[in-house]
Amino acid sequence: MRAWLLCLLLPALASAQPAPRRADGVVPTTKSIYAADDPDAALKMQIERLMGVYLVDPPRRHASEKVVVQGDKVQIDVWHPVSRLSDTELKTRAVHWFVLGRTQYAPGVRGVFSELPQIDDVRLVLHEVLRSDGRGRRRGKQGDQVKPYLVLRLDRRSFEKLAVDVIEKCVERGDCSALFDSAFKYAKFDRRYVHRARKRAQ
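The rules behind these values
- Residues numbered from 1 in each chain as written.
- Predicted model: local features only at pLDDT ≥ 70, side-chain atom pairs only at ≥ 80, totals over all residues.
- Heavy atoms only, no water.
- Helix = DSSP H or I, 4+ residues; strand = E, 2+ residues; numbered from the N terminus.
- Buried < 20%, exposed > 50% of the residue type's maximum accessible area, 1.4 Å probe, protein only.
- Contact = heavy atoms within 4.5 Å.
- Areas by Shrake-Rupley, 256 points an atom, 1.4 Å probe, with all protein chains shown as cover.
- pLDDT = per-residue confidence, 0-100.
- Pairing = 2+ DSSP bridges.
- Axes fitted to C-alpha atoms, helices over the stretch in contact; angles between N-to-C directions.
- Salt bridge = Lys/Arg side-chain N within 4 Å of Asp/Glu carboxyl O.
- Arc of directions from axis to C-beta.

Caption draft 1: Structural detail: the overall build of the protein. A tally of helices and strands in the protein yields eight helices and five strands. Scanning the protein from its N terminus toward the C terminus, one meets helices and strands in the order α-α-β-β-α-α-β-β-α-α-α-β-α. Across the 202 residues in the protein, those meeting the buried criterion constitute 41%. Counted over contacts in the protein with a minimum sequence separation of 6, partners at least 24 positions apart contribute 70%. When the accessible surface of the protein is totalled, it reaches about 12100 Å², and 52% of it is carbon and sulfur.

Caption draft 2: Up close: the environment of G108. Examined against the element boundaries, G108 turns out to sit in the loop between α3 (87–100) and α4 (109–115). Judged by relative accessible area, which is 0%, G108 ranks as buried. Spatially, the C-alpha atom of G108 lies 8.7 Å from that of V53, the residues being 55 residues apart in sequence. Beyond its immediate chain neighbours, meaning those up to four positions away, G108 contacts L50, M51, W97, F98, V99, L100 and G101.

Caption draft 3: Geometry of unusual backbone geometry. A cis geometry characterises the amide bond from P58 onward to P59, with omega recorded as 5°. Mapped onto the elements, P59 comes out in the loop between α2 (41–51) and β1 (67–70). The backbone phi angle of S83 is positive, close to 50°, even though this residue is not glycine. On the secondary structure map, S83 appears in the loop between β2 (73–79) and α3.

Caption draft 4: View of the confidence of the model for the protein. For the protein, the mean per-residue pLDDT works out to 86, and 79% of the residues sit at or above 70. In this model, residues 4–30 is a region of pLDDT below 50 whose contacts with residues beyond four sequence positions or in other chains number 17 contacts.

Caption draft 5: Local environment of the sheet that holds β2. Read from one edge of the open sheet, five strands run β1-β2-β3-β4-β5, paired in mixed fashion. Edge strands, defined here as strands with exactly one partner in the open sheet, are β1 and β5 (186–189). Taken pair by pair, the neighbouring strands of this sheet meet at an average axis angle of 20°, ignoring direction. Taken together, the seven bridges between β2 and strand β3 (residues 121–130) define a ladder with parallel strand orientation. Bridging from a neighbouring strand, K73 pairs with D121 of β3. Contacting β1 and β2, α2 crosses the sheet at an angle of about 125° to β1. Here α3 sits on the sheet and contacts β2, β3, β4 (145–155) and β5; the angle it forms with β4, its principal contact strand, is near 55°.

Caption draft 6: Spotlight on the pattern of salt bridges. Under the defined criterion, the tally for this structure stands at 12 salt bridges. Note that D181 is salt-bridged to K91, the shortest N-O span being 3.9 Å. In this pair, D181 is assigned in helix α7 (residues 177–182) and K91 in helix α3, connecting sequence segments 90 residues apart. Its relative accessible area of 56% is what places D181 among the exposed residues. Close ionic contact of D121 with R153 constitutes a salt bridge, the shortest N to O distance being 2.6 Å.

Caption draft 7: Broad picture of helix α6 (residues 164–173). Restricting attention to buried positions, one finds in α6 the residues V164, I167, C170 and V171. Angular distribution of buried residues about the axis of α6 spans 120°; they occupy a single face of the element. Opposite its buried face, α6 presents the exposed residues E172 and R173, each directed more than 90 degrees away. The elements touched by buried residues of α6 are α3, α4 and α7. With its phi angle positive at about 80°, G174 sits one or two positions after the end of α6.

In structure tokens form, the structure reads like this:
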């Protein structure tokens with residue numbers, strides 16, 4: 001009797017298992033890295049949610065990965081190793097994360113300008129953290145050096161002129177190099193540093 005009942009229940013239990021989620025759809029349980037008395041902490045956390053660029057919590061999340069708010073200006077600093085990614089891949093990823101959001105739950109800078117009327121200027125900065133002991137995301141005994149190598153900036157006025165559908169198409173193609181150089185209020189890519197970092201990763 002028990003064996004017969006088990007045979008009936010197994011298919012139902014199997015079908016009740018949740019479908020696996022996409023890796024880029026995981027929402028981290030963010031722990032604040034901002035001071036308890038930071039008057040902008042709630043705003044910074046909201047911007048983090050809208051951008052979706054921080055996927056790990058402290059201590060894996062480095063202290064350099066944070067949102068900085070100065071009046072109506074916002075800067076979002078993200079540690080993204082150059083590794084062996086090409087210039088095109090790095091530029092396309094930055095455009096994707098900045099405009100469309102890093103995950104399927106994050107609207108990106110579109111959400112920032114839509115939900116936060118007090119923000120007029122947003123900047124995304126990708127950087128590497130250089131450690132003399134080469135411990136990756138593990139903290140070493142010596143101090144870390146933060147090296148920015150890519151910057152994208154939009155103010156509200158330039159965002160309103162941005163063709164988001166064109167951004168979506170270049171992301172789908174995997175090449176946003178042309179738009180990186182032309183579609184933003186400001187764009188900077190430190191090609192010399194990136195090429196050195198790529199050699200270092202080989």
